[in-house]
Amino acid sequence: MNIKDKIEHTILKADTSLKEIESLCKEAIDYGFFAVCVPPYFVKYASLMLKNSEVKVITVVGFPLGYNTTPAKVEEARKAMDEGAAEIDMVMNIAALKKGDNNFVLNDILSVTTLVQLKGCKLKVIIETAMLSQSEKITACEICAKVGVDFVKTSTGFASTGAKVEDIKLMRKILPSSIKIKASGGVKTKDQAIKLLEAGADRLGASSGPALI
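This is a predicted model, so every value here is computed, not measured.

## Looking at the environment of P64
Then step 1. One can find P64 in the loop between strand 3 (56-61) and helix 3 (70-82).
Then step 2. For P64, a relative accessible area of 27% corresponds to the partly exposed category.
Then step 3. A C-alpha to C-alpha distance of 9.0 Å links P64 and A159, two positions 95 residues apart in sequence.
Then step 4. Not counting chain neighbours up to four residues away, the residues in contact with P64 comprise V91, E128, T156 and F158.

This is the structure:
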């Protein structure tokens, strides 16, 4: 299975350096990855580095905890797209979901989705599966389906566990076919990557892209 064009080559650690961003972008070009996923601070730099390539720039919003205010998430997304991001990975408000405030969760996601899609970009919602019960995972996917997001993503990579085959299968069962799935968090080997794709994932977020292929 050819997986290189499904990989979002990622670096999101707090002390990321410009040198690391340069290396990430070069590897993405050399290996033919779909995109790089970088911190918001580096979106402009990555966009300049990749301007003559087909590699897209992706960044995160409300990252990594998700409980930022909705206006803050909207403004983060706006700024990122203005600087060259083609896709936005937004963390769902996990605290609100666990509180049962589903209307807030829906409106939070809808506010960012509306802006992103109006600008012709794509919105992924990170639901952080490691922190959710089975029923909460279902509810999160149902809300994302109702809004009409572009992707649902498993994890930030900052929780106790990341992408799991059983979670991908559950998400694929709940989500309509129009909504894709990004498996992210702890994807370290090609065998693991293939199993996640076979389970229903459409993209892979990984910091070890070269090792996966």
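Additional details are given in the paragraphs that follow.
## Things to note about the nonpolar core
In a soluble, globular protein the nonpolar side chains are often hidden away together inside.
Then step 1. Among the nonpolar cores identified, the biggest contains 65 residues, and V36, V38, I88, M92, I109, I127 and V149 are the most heavily contacted of them.
Then step 2. At six residues, the largest contribution of residues to this core is made by helix 5 (residues 102-118).
Then step 3. With near-sequence residues (within four places) excluded, M92 lies in contact with L65, G66, K73, L97, V105, I109, V125, I126, I127, L132 and A140.
Then step 4. The next biggest cluster of nonpolar side chains, apart from the first, holds five residues, and it includes A35, C37, I58 and V60.

## Considering the sheet that holds strand 7 (residues 180-184)
Then step 1. If you trace the eight strands once around the closed barrel, you get 1-2-3-4-5-6-7-8, paired in parallel fashion. Each adjacent strand pair in this sheet contributes to an overall mean axis angle of 25 degrees, direction not counted.
Then step 2. In this sheet, strand 2 (residues 35-38) lies alongside strand 1 (residues 7-10) in parallel orientation, the contact comprising three bridges. Bridging from a neighbouring strand, T10 pairs with C37 of strand 2.
Then step 3. The strands that helix 1 (residues 18-31) touches are strand 1 and strand 2; relative to strand 2, the one it contacts most, it runs at about 160 degrees.
Then step 4. Each of strand 4 (87-91) and strand 5 (122-126) touches helix 5; the most contacted strand, strand 5, lies at about 155 degrees to it.

## Observations regarding the packing of aromatic side chains
Then step 1. Within the structure shown, the criterion is met by five aromatic pairs.
Then step 2. Taking 6.0 Å as the distance between ring centres and 50 degrees as the angle between the ring planes, the aromatic pair formed by Y41 and Y45 counts as tilted.
Then step 3. Y45 sits in the partly exposed class, given a relative accessible area of 34%.
Then step 4. Ring-pair connections join several aromatic residues into one group, and the members of that group are Y41, F42 and Y45.
Then step 5. The lysine or arginine in question, K124, covers the ring of F151, its NZ or CZ lying 5.4 Å from the ring centre.

## Some details on the pairing of strand 2
Then step 1. Along strand 2, one buried face is formed by A35 and C37 and the opposite face, lined by V36 and V38, is buried too.
Then step 2. Looking at chain direction, strand 2 and strand 3 are connected through four bridges and run parallel. Along strand 3, the bridge assignment pairs V38 with T59.
Then step 3. Taken together, strand 2, helix 2 (residues 43-49) and strand 3 form a β-α-β motif whose crossover is right-handed.

## Side note on the packing of helix 5 against helix 6 (residues 134-147)
Helix-helix packing: each pair is described by the crossing angle between the helix axes and the interaxial distance.
Then step 1. Where helix 5 meets helix 6, the closest approach of the two axes is 10 Å, and the angle between their N-to-C directions is 45 degrees. The orientation of helix 5 relative to helix 6 falls into the category oblique. Between helix 5 and helix 6 lies a crossing of right-handed hand. Residues N102, V105, L106, I109, L110 and T113 of helix 5 touch helix 6, and the partners they reach there are T139, I143, C144, K146 and V147.
Then step 2. Partitioned by chemical class, the residues of the contact of helix 5 with helix 6 number seven nonpolar, three polar and one charged.

## Observations concerning the packing of helix 3 against helix 5
Then step 1. Close contact between helix 3 and helix 5 brings their axes to 9 Å; oriented N to C, the two are set at 20 degrees. Comparing their axes, helix 5 and helix 3 come out roughly parallel. The chirality of how helix 3 crosses helix 5 is right-handed. Residues T70, K73, V74, A77, R78 and M81 of helix 3 form the contact with helix 5, whose own contacting residues are F104, D108, S111, V112, L115 and V116.

Procedures and definitions
One numbering rule holds for all chains: residues counted from 1, following each sequence as written. Predicted model: local features are reported for residues with pLDDT of at least 70 only, side-chain atom pairs are reported and counted for 80 or more only, and whole-chain, interface and lining totals are derived from all residues. For the side-chain quantities, the full set of heavy atoms in the structure was used; hydrogens and water were omitted. Counting from the N terminus, the helices are the DSSP runs of H or I reaching at least four residues and the strands are the DSSP runs of E reaching at least two. Summary of the burial criterion: residues with accessible area below 20% of their type's maximum are buried, those above 50% are exposed, and those between are partly exposed, where the area comes from a 1.4 Å probe applied to protein chains only. The contact criterion used throughout is that any non-hydrogen atoms of two residues lie within 4.5 Å. The criterion is simple. A nonpolar core is a set of buried Ala, Val, Leu, Ile, Met, Phe, Trp, Tyr and Cys residues joined through side-chain atoms within 4.5 Å. The pairing criterion for strands is at least two bridges between them, as found by DSSP. Inter-axis angles, ranging from 0 to 180 degrees, are taken between N-to-C directions of lines fitted to C-alpha atoms, where helices are fitted over the stretch in contact. Working definition: rings of Phe, Tyr and Trp (its six-membered ring) pair if their centres are within 6.5 Å, and the pair is stacked with planes under 30 degrees apart, edge-to-face with planes over 60 apart, and tilted otherwise. Note on criteria: charge over ring means Lys NZ or Arg CZ within 6 Å of the ring centre, with the direction from the centre no more than 35 degrees off the ring normal. If the strands point away from the viewer and the path from the first strand over the helix to the second runs clockwise, then the crossover is right-handed. Any angle that falls under 35 degrees is termed roughly parallel, while one over 145 is termed roughly antiparallel, one within 65 to 115 roughly perpendicular, and all others oblique. In this scheme the handedness of a crossing depends on how the near helix is turned from the far one: anticlockwise by less than a right angle means left-handed, clockwise means right-handed. Under the convention adopted here, Pro, Cys and the residues Ala, Val, Leu, Ile, Met, Phe, Trp and Tyr are nonpolar, Asp, Glu, Lys and Arg are charged, and Gly plus all remaining residues are polar.

Worth remembering: the numbers are spatial, not functional.
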